[in-house]
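Okay, here's what each chain looks like letter by letter:
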Amino acid sequence: VLYMSTNKKIQHLQFIQNVIERMSTTSAVIKGFAITVTIGICTQIPTDMMEDWAKFALLLPLLALMLLDTYYLYLERNYRILYDEIREEKLPADFSMSLSNITKENYFNCLKSISIWLFYAFIFIMYLILFNATS
């Protein structure tokens, strides 16, 4: 019985680890897409002829990608909490992937994460430099 319980726990932890890996991979893909969008906008849009509101509108896709990236980091951190709760046997290894039984990470703490704000702040600064240089 102990062997089955341990085996069940290991399998459950592996399932959660797979979800964590997918979340971090998705976050990396979003960052790559944000760079692609930024380069595309910087090289294709004649910003010297644009109105200020249009320049601001170009930031909206980047803002959406930043919020989406933050959401995936939020989910990843919550699944890490679930992983630890099961590993420490605070929750049963019942193959549940629900996050409802854990104390969740705060979304805004994820937004303040260095992997989010430093990456996107750099891109926003690039936008500002580009827009000011063409004004």
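Below, the structure is looked at part by part. Model, not experiment: these values are computed from the prediction.

Brief notes about the overall build of the protein
Each helix and strand in the protein was counted, giving five helices and zero strands. Taken from the N to the C terminus, the helices and strands of the protein come in the order α-α-α-α-α. In the protein, which comprises 135 residues, the proportion classed as buried is 33%. A separation of at least 24 residues holds for 82% of the contacts in the protein among residues at least 6 apart in sequence.

A closer look at the nonpolar core
Core analysis: the largest hydrophobic core is formed by 30 residues, its most contacted members being Tyr 79, Leu 82, Ile 86, Tyr 120 and Tyr 127. The set of elements that each furnish at least two residues to this core consists of helix 1 (2–44), helix 3 (59–87) and helix 5 (114–133). When residues in this core are grouped by element, the largest group, 10 residues, is from helix 3. Setting aside residues no more than four positions away along its own chain, Leu 82 makes contact with Ile 16, Leu 91, Ser 96, Met 97, Ser 98, Leu 99 and Ile 102.

Section: the pattern of salt bridges
This structure, assessed with the given rule, holds seven salt bridges. Here Arg 87 ties to Asp 84 by a salt bridge, and the two come within 3.3 Å at their closest N and O atoms. In this pair, Arg 87 and Asp 84 both sit in helix 3, three residues apart, roughly one turn of the helix. Ionic pairing is found between Lys 90 and Glu 88, a salt bridge with its closest N-O pair at 3.1 Å. Overlapping salt bridges, with partners in common, bring together Asp 84, Arg 87, Glu 88 and Lys 90 in one network.

Re the packing of helix 3 against helix 5
One way to put it is that helix 3 packs onto helix 5 with a least axis distance of 10 Å and a crossing angle of 175 degrees. Classed by the angle they form, the pair helix 3 and helix 5 counts as roughly antiparallel. Here Leu 59, Leu 62, Leu 63, Leu 65, Met 66, Asp 69, Thr 70 and Leu 73 of helix 3 come into contact with helix 5, specifically with Ser 115, Ile 116, Tyr 120, Ile 123, Phe 124 and Tyr 127. Taken together, the residues of the contact of helix 3 with helix 5 break down into 11 nonpolar, two polar and one charged.

Parameters at a glance
Residues numbered from 1 in each chain as written. Predicted model: local features only at pLDDT ≥ 70, side-chain atom pairs only at ≥ 80, totals over all residues. Heavy atoms only, no water. Helix = DSSP H or I, 4+ residues; strand = E, 2+ residues; numbered from the N terminus. Buried < 20%, exposed > 50% of the residue type's maximum accessible area, 1.4 Å probe, protein only. Contact = heavy atoms within 4.5 Å. Core = buried A, V, L, I, M, F, W, Y, C linked by side-chain atoms within 4.5 Å. Salt bridge = Lys/Arg side-chain N within 4 Å of Asp/Glu carboxyl O. Axes fitted to C-alpha atoms, helices over the stretch in contact; angles between N-to-C directions. Parallel < 35°, antiparallel > 145°, perpendicular 65-115°, else oblique. Nonpolar A, V, L, I, M, F, W, Y, C, P; charged D, E, K, R; others polar.

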